[in-house]
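# A structural walkthrough
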Amino acid sequence: MEKFGNMAFDKKTMKENVPYPVYLKWKEAARGNANLDRETADSIAHAMKAWAISKGATSYTHWFQPLNGKTATKKTAFLSRDDKHNPIYRFSGKELIKGEPDASSFPSGGMRSTFEARGYTYWDLTANSFILDKVLYIPSVFVSFYGEKLDKKLPLIESMNMVSSEAARICNLFLKDETTYRVKAKLGLEQEFYLIDKKYFDKRIDLEYSGMTLIGSEPMVEKELVSHYLGAIPQRVNDFYEDVNKQLYDLGIYMEAEHNEVGPNQFEIAIMFENANISVDNNQLLMYILEKTALKHDLVCLLKEKPFKNMAGSGKHNNYSLATNYGKNLFSPGKDPKNNMTFLLFLAAMIEVCNEYQKLIRIASSSVTNDYRLGGDEAPPAILSVFVGLDLEEILKAIARGDFEGQVPSNKVKIPHLGELKTDSSDRNRTSPIAFTGNKFEFRMLGSSKSAADLNTVLNIAMAESLKKIADRLEKADEEWRKEEAYAIIREIYEANKRILFQGDGYSEEWKKEARDRGLDNYPSFLEALKAAKEDGAYDIFERAGIFTSKEIESIINVEFEEVINFFSSQLEILNNMIQQEILPSAMREIKEIRDYLAFVDNDKLKARANKINEEVGELLDYSEKIINILKKSESIKDREDKAFYLQNQTRSLAEKIREISDCLEKLISRENYSMPNYVDMLKSL
């Protein structure tokens, strides 16, 4: 265990390598009680440099998360020269705290001119720095020259501080045994992904450039998906996992679980709960390690949400909870939930958040690529609903009735040699986008390739807003009537937001009709949700909270529009390339072989087959011309929103038709002549 986290400059390492007064000053700054002074920063930088070099590091970088949801670095060598041109290792407190990458090359949604190159990274001193590939990584936030937020992390940290302040107010009204001075937003992320053999990936330009197959017929084998789920991990994948786990161990990241997922070649790895900003960092780091390590094993890790049509999509289940500074989970019902005031109030607040901010949760959980996943093959639907379980909903109903005596179902099971055991009173409900799972809320819509920062920023801000309203009312109530006032608040929130609660099958057609009758949002595409949120002012909560200015909000929306534009433009170009360079030559080879065969033997069925291939190829070539025309027209559309909708509307039906024809051709062309690996090749490669 003494080697666990040996590549992380964590709290323990900090304490061992800096003078104790310096450690205390860092601790106070990390808790938000003081600002870090330059002398303290210099001392920490010196210790960090000495530690990193002793571990083999040769350079350092500020590691940040720009608006595209990825991570970025600019590496700087420790080795420099002194005034006499002698070699010397340099790393000061100034360099630790602040970096200056070129901001002009990162997406800004038009927030600033492209010639305004300056951007600054600032150290997130609450997160562990770490060494990877001989580089000291310093987790950082990223802002423009004028202070606009250009990253995902700074808004998340600010939102965590907001929910902490408002949550602590309520805790101190009811939890008087210990003073709550901080409430931490806690997060556990489950990462799903696919693995395929690299030799097949290299022959699929659609996978290489879009992360998903744009053509490819369903496999004739491996439809027995249940046999893969939680089955024995293939040895090749087990070796890959061991390598991944070793790196996580060195970085001090706790891997909690890993297993086969539902789809063939689909897997999952979960990391233990951490503070939300740390958990997001760890997940970004995990995705990088998964992709890098897969290549070492001649594999490719596919993180996109729907790499294979009609196969289970990949998500990143977002498990959210709140905990006090002394470790009390505020979403833990306890033994007597109907009298657990803090639990009921925080439960009510989350229900209100999910109902009031359906559009923002839909957008923050998703992306244009996640649209292909939502609504089928093990994924939650696009309609938001919350599953709290029959027991908790019965308690809420009882409070609304005013009798406080909920009829809580008791589920028991008899196990040989163990006797009768009580089970959980709430099922997990795999069809629910948001489910209460014992002591946390699991948000299942989040796409596997997306940063979790956006969703948790929305949850924190919205929870802070709801909790502030609750705290304002409770603080005005006399202490002897505070419990009754709390029940009144819970009753009002339940009645106003109960439409979002649903215990049934989220996949059913009946639910779509019922959701419409309830007035719930249903946006089949990310783009439609984005447009609706922009038009009805859903983003205003960020401005009210002081997280973003109106200018920053506009830029964030523009970045999302650009993502949609880039995705569909790229998809069209990839499809055209595949028609011209893959499918057409394959078809020509097949027709030539049939022709050579028919030179010796007359066969009407083979002639019909060749004619069918020729007809389908001709249709594909027509679509190739349509692609060129669509791309040409899109270039003339200047408005981002109009361009995004034009490309989405034109591309979706066209791409589906191209896929249908291509998949038909795949079945008509022999394996010898078909140049691309098919689904069977890829999904049996492990």
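Predicted model only: the values in this text are computed from it and were never measured.

### Topic: the overall build of the protein
Assigned secondary structure in the protein consists of 21 helices and 20 strands. By the compact-globule yardstick of 26 Å for 686 residues, the protein fits well, its C-alpha radius of gyration being 28 Å. Counting only residues that meet the buried cut, the protein has 55% of its 686 residues in that class. Sequence-distant contacts in the protein: of pairs separated by 6 or more residues, those separated by 24 or more amount to 74%. About 30600 Å² of surface is accessible on the protein, with carbon and sulfur atoms providing 49% of the total.

### Let's talk about the confidence of the model for the protein
The predicted model of the protein averages 90 in pLDDT, with 92% of residues at 70 or higher. Long-range and interchain partners of residues 222-226, a stretch whose pLDDT sits below 50, account for 8 contacts in this model, where long-range means more than four residues apart.

### Considerations on the layout of surface pockets
Approximately 1400 Å³ is the volume found for the second largest pocket. As for the second largest pocket, its lining consists of 46 residues, of which Asn68, Gly69, Lys70, Lys304 and Ser449 are closest to the centre. Elements with a minimum of two residues in the lining of the second largest pocket: α6 (198-201), α7 (205-210), α9 (276-296), β14 (299-302) and α18 (550-598). Within the lining of the second largest pocket, the residues separate by chemical class into 22 nonpolar, 13 polar and 11 charged.

### A word on the side chain of asparagine 370
Note that asparagine 370 resides in the loop between α11 (358-365) and β16 (386-387). Judged by relative accessible area, which is 0%, asparagine 370 ranks as buried. When sequence neighbours within four positions are dropped, the list of residues in contact with asparagine 370 reads Glu305, Ser365, Met445, Leu446 and Gly447.

What counts and how
- Note that residues are indexed from 1 along each chain, following the sequence as it is written.
- The model is predicted, so local features are restricted to residues of pLDDT at least 70 and side-chain atom pairs to those at 80 or more, both for listing and for counting; the totals for chains, interfaces and linings are taken over all residues.
- Excluding hydrogens and water, the side-chain figures rest on all heavy atoms present in the structure.
- Each helix is a run of H or I in the DSSP string that is no shorter than four residues. Each strand is a run of E no shorter than two, and both are numbered from the N terminus.
- Note on method: radius of gyration uses C-alpha positions; expected globular size equals 2.2 Å times residues raised to 0.38.
- Classification of residues uses two cut-offs on accessible area relative to the type maximum, computed with a 1.4 Å probe and protein chains only: under 20% is buried, over 50% is exposed, and between them is partly exposed.
- Residues count as neighbours in contact if any of their non-hydrogen atoms are within 4.5 Å of one another.
- In short, Shrake-Rupley with a 1.4 Å probe defines the accessible areas, and a residue's cover is counted only from the protein chains shown.
- Per-residue confidence from the predictor is reported as pLDDT, a score between 0 and 100.
- Throughout, the protein atoms alone are placed on a 1 Å grid, and a set of points is a cavity if a 1.4 Å probe fits but cannot get out or a pocket if it is open with protein on both sides within 12 Å along at least five of seven lines; lining residues have an atom within 4 Å of a point.
- Grid points are joined across faces, edges and corners, and a volume is the space filled by probe spheres set on the points.
- The nonpolar class holds Ala, Val, Leu, Ile, Met, Phe, Trp, Tyr, Cys and Pro. Asp, Glu, Lys and Arg form the charged class, and all remaining residues, Gly among them, are polar.

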